[in-house]
Amino acid sequence: MYAIRTLVSSSLRTSVATATAVRGFSSQAVCMKDVVQDLYIKALKGYKPSAQAAGSEVGQVKDLKLPAAPEVPKIDEDIANELAAYDNASQ
């Protein structure tokens, strides 16, 4: 009796497991179309920008003014005197 009960319960578990695996697969997602996306793409394809008149950007864009070039740093050419003074101060 126990053997029959375990055999039936194990067969039910396997049938439930396979039914769950089969049930999880859905082919409806492939068939469904996205209506909003289709409308958006149709609107994008049909969009024609209007022609702008020449000189319409005047007054809306600032003129480009480059910053002044930086000055070249000053390098002391007589570093030997400064190093000697530093050596004498540290002794």
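Residues numbered from 1 in each chain as written. Predicted model: local features only at pLDDT ≥ 70, side-chain atom pairs only at ≥ 80, totals over all residues. Heavy atoms only, no water.

Draft legend 1. Structural detail: the overall build of the chain. When its secondary structure is counted, the chain shows four helices and zero strands. Buried positions account for 0% of the 91 residues belonging to the chain. When the accessible surface of the chain is totalled, it reaches about 9,700 Å², and 63% of it is carbon and sulfur. (Helix = DSSP H or I, 4+ residues; strand = E, 2+ residues; numbered from the N terminus. Buried < 20%, exposed > 50% of the residue type's maximum accessible area, 1.4 Å probe, protein only. Areas by Shrake-Rupley, 256 points an atom, 1.4 Å probe, with all protein chains shown as cover.)

Draft legend 2. Quick look at the confidence of the model for the chain. For the chain, the mean per-residue pLDDT works out to 78, and 66% of the residues sit at or above 70. For the chain, per-element mean pLDDT is lowest for helix α1 (residues 2-23), which scores 59, and highest for helix α3 (residues 35-46), which scores 95. (pLDDT = per-residue confidence, 0-100.)

Draft legend 3. Highlighting a nonpolar patch on the surface. Taken together, the side chains of Y40, I41 and L44 define a hydrophobic patch exposed on the protein surface, amounting to about 310 Å² of accessible area. Structurally, I41 is set in helix α3. (Patch = residues over 30% accessible without salt bridge, like charges linked within 9 Å, V, L, I, M, F, W, Y side chains within 5 Å. Salt bridge = Lys/Arg side-chain N within 4 Å of Asp/Glu carboxyl O.)

Draft legend 4. Representation of a negative patch on the surface in the model. On the surface, a cluster of negative charge is contributed by D76, E77, D78 and E82. By relative accessible area, D78 is classed as partly exposed at 41%. (Lys, Arg positive; Asp, Glu negative; His and termini not counted. Charge placed at Lys NZ, Arg CZ, Asp CG, Glu CD.)

Draft legend 5. Molecular detail of α3. When the terminal C-alpha atoms of α3 are compared, their 17 Å separation across twelve residues agrees well with the 16 Å that a helix rising 1.5 Å per residue should span. Within α3, only zero of the twelve residues are buried, which leaves it mostly out in the open. (Expected span 1.5 Å × (residues − 1).)

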